[in-house]
There are 2 protein chains.
Amino acid sequence: MTEPGPASDAVTVRRIDERAAYDAATRDAILDAAIIAHVGLVGTDSRPIVIPMAYARDDETLLLHGSQASRLLRSGKAGTDLCVTVTLLDGMVLARSTLHHSMNYRSVVVLGRAVPVEDLDERAAALDLLVEHLTPGQVAALRPSTEKELRSTLVLRLPLEEFSVKLREGGPVDDEEDLDPQIWAGVLPLRTEVGEAVPDEITAVGIPAHLAGWNRIR
Amino acid sequence: MTEPGPASDAVTVRRIDERAAYDAATRDAILDAAIIAHVGLVGTDSRPIVIPMAYARDDETLLLHGSQASRLLRSGKAGTDLCVTVTLLDGMVLARSTLHHSMNYRSVVVLGRAVPVEDLDERAAALDLLVEHLTPGQVAALRPSTEKELRSTLVLRLPLEEFSVKLREGGPVDDEEDLDPQIWAGVLPLRTEVGEAVPDEITAVGIPAHLAGWNRIR
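Throughout this document, residue positions are counted from 1 along each chain, in the order its sequence is written. The order in which chains are written sets their letters, starting at A; the order in which ligands are written sets their numbers, starting at 1. Where local features are concerned, this predicted model is filtered to residues with pLDDT of at least 70; where side-chain atom pairs are given and counted, the filter is 80 or more; whole-chain, interface and lining totals use all residues. Water and hydrogen atoms were dropped before computing side-chain values, which therefore reflect all heavy atoms in the structure.

A. Main features of the overall build of chain A. For the purposes of this entry, the term helix denotes a DSSP run of H or I that reaches at least four residues, the term strand denotes a run of E that reaches at least two, and both are numbered from the N terminus. If you tally the helices and strands in chain A, you get five helices and 11 strands. Exposure classes here rest on a 1.4 Å probe applied to the protein chains alone. A residue is buried below 20% of its type maximum, exposed above 50%, and partly exposed in between. Out of the 218 residues belonging to chain A, those deemed buried represent 51%. Every residue pair with non-hydrogen atoms within 4.5 Å of one another is taken to be in contact. Within chain A, residue pairs in contact and separated by at least 24 positions form 72% of the contacts whose partners lie at least 6 positions apart. Working note: accessible area of chain A is about 9600 Å², and carbon and sulfur atoms make up 53% of it. Per-residue and other accessible areas follow the Shrake-Rupley method at a 1.4 Å probe size, with only the shown protein chains counted as cover for residues.

Here it is in structure tokens:
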């Protein structure tokens, strides 16, 4: 079986000290676990701009959401090239020399042109997916979006075609001459944790099960 | 006293439902607390590319680090415009309608042209700062970097001049007609936590105090 390769030169990972992947399963596991994306585009002044955004995966596409006011999404709406990068930070890698310090992470880079979701039913489904991506089970607790709300919302869809996955895992890789057992080297694992839920002043009920159990990020 | 304003039109925050800031203290608190940056630039094919990178703040500049092999830093070396975005995710904001779901976060966007740190002593100091940013106290436990190591490393310095801070905090903002106390709404706080340290196979000592106590991310 041939392993999947990169879709283009632009998404080919060149660094050899980290592992690259180009398969959908590795990509989707990262996209589904993370919370925010950093979306880059080339601004009207020809300079890059990178903005954190909510996203959700819908099969072989990525949904991006923001208000109509967002310059970023307006540009994307017009067919601008986007780069969507999603990164999970897994640990600090502490070595026995400064240069070999590193981080364990999993990262997906997607390139492409996003198209706006014009159909209102499709847009409603997309908004639901965006909320479900963050807090599964939450949409069932909410009233449906109104037509006015849907019209005021911009959702973009980006195909998951041109992408790469880059990751690092495991302990430090020290130079042979630095392997002194008296110097502590290893990994400090990092994870995102959910703290105690804070209800707003209106809420008169306990936290529902689908939110209380929400801790899927690793 | 006049509040600091944005340094350029490109970094002026236009969304009005979130708070913007342009002062150095707010900026630095975020830059010093976060771990990675997402660095954007315009590639040779005129498309945007966004890569996660290690960084550290050095007074009024930002240090960026990567191997000489990195396409991204090679471009930055040549004087390419960069956008460096650092985001801390503080919570999921759950509202009573799909559209008012949101996230609490603190984010800094820096625009500018980075210059390479050419002087080897300055580069050594920069590498130390990069390690100290991640794990304070760690550099004292390490041998100094060798000249060969320093020559093989690219460090860029970006002025913290053109920047903006954007943040959201607090609970959901629901529409008046949605304020049903029987629907749970509020915030699920998020924080990055350090798990149990994993020493490598060589290590024969306990974890030093400066690493055991490392948990500064909020």
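B. Structural context of the pairing of strand 10 (residues 186–194) of chain A. Pairing between two strands is assigned when DSSP locates at least 2 bridges connecting them. Note: strand 5 (residues 81–94) of chain A against strand 10 of chain A, four bridges, orientation antiparallel. Across the sheet, the residue bridging to Val93(A) is Val187(A), located in strand 10 of chain A. Pairing geometry for strand 10 of chain A and strand 11 (residues 198–199) of chain B, over two bridges, is antiparallel. Considered in strand 11 of chain B, the bridge of Gly186(A) is made with Pro199(B).

C. Fine view of the relation of the copies chain A and chain B. To line up the copies, we fit them by least squares on C-alpha atoms, keeping just the residues with pLDDT of at least 70 in both. Mapping chain A onto chain B leaves a residual RMSD of 0.0 Å; the transformation is a rotation of 180 degrees accompanied by 0.0 Å of translation along its axis. Here the copies are linked by what is in effect a two-fold axis. Among all C-alpha atoms of chain A, that of Thr192(A) lies closest to the rotation axis, at 2.2 Å. Of the interface residues in chain A, 100% have counterparts in chain B that sit at the interface too, so the contact is made through matching surfaces.

D. Summary view of unusual backbone geometry. Residue and element names in this part refer to chain A. Backbone geometry at Ser46 places phi at a positive 70 degrees, although glycine is not the residue there. Counting through the fold element by element, Ser46 comes out in the loop between strand 2 (36–42) and strand 3 (48–58). Classification of Ser46 by relative accessible area gives exposed; the value is 53%.

E. Looking closely at helix 3 (residues 120–134) of chain A. Residue and element names in this part refer to chain A. With 15 residues, helix 3 extends 21 Å from end C-alpha to end C-alpha; this agrees with the ideal 21 Å at 1.5 Å per step. All of the buried residues along helix 3 are Leu120, Arg123, Ala126, Leu127, Leu130, Val131, His133 and Leu134. For helix 3, the buried positions fall inside an angular range of 160 degrees around the axis, keeping them on one side. Backbone nitrogen of Asp121 and a side-chain oxygen of the N-cap are separated by 3.2 Å at the start of helix 3; the cap is Asp119. To estimate the expected span of a helix, count its residues, drop one, and scale the result by 1.5 Å. Working note: the arc is built from the helix axis to C-beta atom directions. Any pair of N or O atoms that falls within 3.5 Å is considered a polar contact. Within protein, one atom must be able to donate a hydrogen and the other to accept it, and sequence-neighbouring residues count only if both atoms are side-chain atoms.

F. Representation of empty space enclosed by the protein. Grid spacing is 1 Å over the protein atoms alone, the probe is 1.4 Å, and a cavity is where that probe fits but cannot get out, while a pocket is an open set with protein on both sides within 12 Å along at least five of seven lines and lining residues have an atom within 4 Å of a point. Grid points are joined across faces, edges and corners, and a volume is the space filled by probe spheres set on the points. Per the stated rule, a full pass over the model turns up two cavities of 30 Å³ or more. Roughly 40 Å³ of internal volume is contained in the second largest cavity. Contributing to the lining of the second largest cavity are Val131(A), Leu134(A), Thr135(A), Met92(B), Val93(B), Leu94(B), His101(B) and Ser102(B). At the level of secondary structure, the elements contributing two or more residues to the lining of the second largest cavity comprise helix 3 of chain A together with strand 5 (81–94) of chain B.

G. The arrangement of the environment of Ala114(A) in detail. By secondary structure assignment, the location of Ala114(A) is in the loop between strand 6 (102–113) and strand 7 (115–116). Considered as a pair, Ala114(A) and Leu63(A) are 51 residues apart in the sequence and their alpha carbons are 8.9 Å apart.

H. The interface of chain A and chain B, seen in detail. Listed as interface residues are 90 residues of chain A and, on the opposing side, 90 residues of chain B. Buried area: the sum, over both parts, of the accessible surface (1.4 Å probe) that disappears when the two are put together. Interface of chain A and chain B: buried area, both sides summed, is about 7700 Å²; carbon and sulfur atoms make up 66% of it. Contact with chain B buries surface across chain A, with Thr98(A), Leu99(A) and Trp184(A) losing the most and accounting together for 10% of the total. Here a salt bridge means any side-chain nitrogen of Lys or Arg lying within 4 Å of a carboxyl oxygen belonging to Asp or Glu. Counting every contact that joins chain A to chain B gives six salt bridges. A salt bridge links Arg47(A) to Glu162(B); the nearest nitrogen and oxygen atoms lie 2.5 Å apart. Our count for the chain A to chain B interface comes out at 27 residue pairs in polar contact (both at pLDDT 80 or more).

I. Up close: the side chain of Thr135(A). Mapping Thr135(A) onto the fold places it in the loop between helix 3 and helix 4 (147–151). Not counting the four nearest positions on each side in its chain, Thr135(A) is found in contact with Leu211(A), Trp214(A), Leu94(B) and Leu188(B).

J. Fine view of the pairing of strand 5 of chain B. All names here are of chain B. The buried fraction of strand 5 amounts to 13 of the 14 residues, a majority that puts the element mostly inside the structure. Where strand 2 (residues 36–42) lies against strand 5, four bridges are found, and the strand directions are antiparallel. Bridging across to strand 5, Gly40 finds its partner in Cys83.

K. Representation of the packing of aromatic side chains in the model. Pairing of aromatic side chains requires ring centres within 6.5 Å, counting the rings of Phe and Tyr and the six-membered ring of Trp. Pairs whose planes differ by under 30 degrees are stacked, by over 60 edge-to-face, and all others tilted. Counted under the stated rule, the structure contains zero aromatic pairs over all chains. Here the guanidinium or amino end of Arg27(A) rests over the ring plane of Phe163(A), the centre of that ring lying 4.7 Å away. Put simply, a charge is over a ring when the Lys NZ or the Arg CZ is close to the ring centre, within 6 Å, and near the line of the ring normal, within 35 degrees.

L. Local environment of the side chain of Gln138(A). With respect to the helices and strands, the residue Gln138(A) is situated in the loop between helix 3 and helix 4. One polar contact links Gln138(A) to His101(B), side chain to side chain, over a distance of 3.0 Å. Here Gln138(A) is in contact with Val131(A), Glu132(A), His210(A), Leu211(A), Leu94(B), Ala95(B) and His101(B), once residues within four sequence places are set aside.

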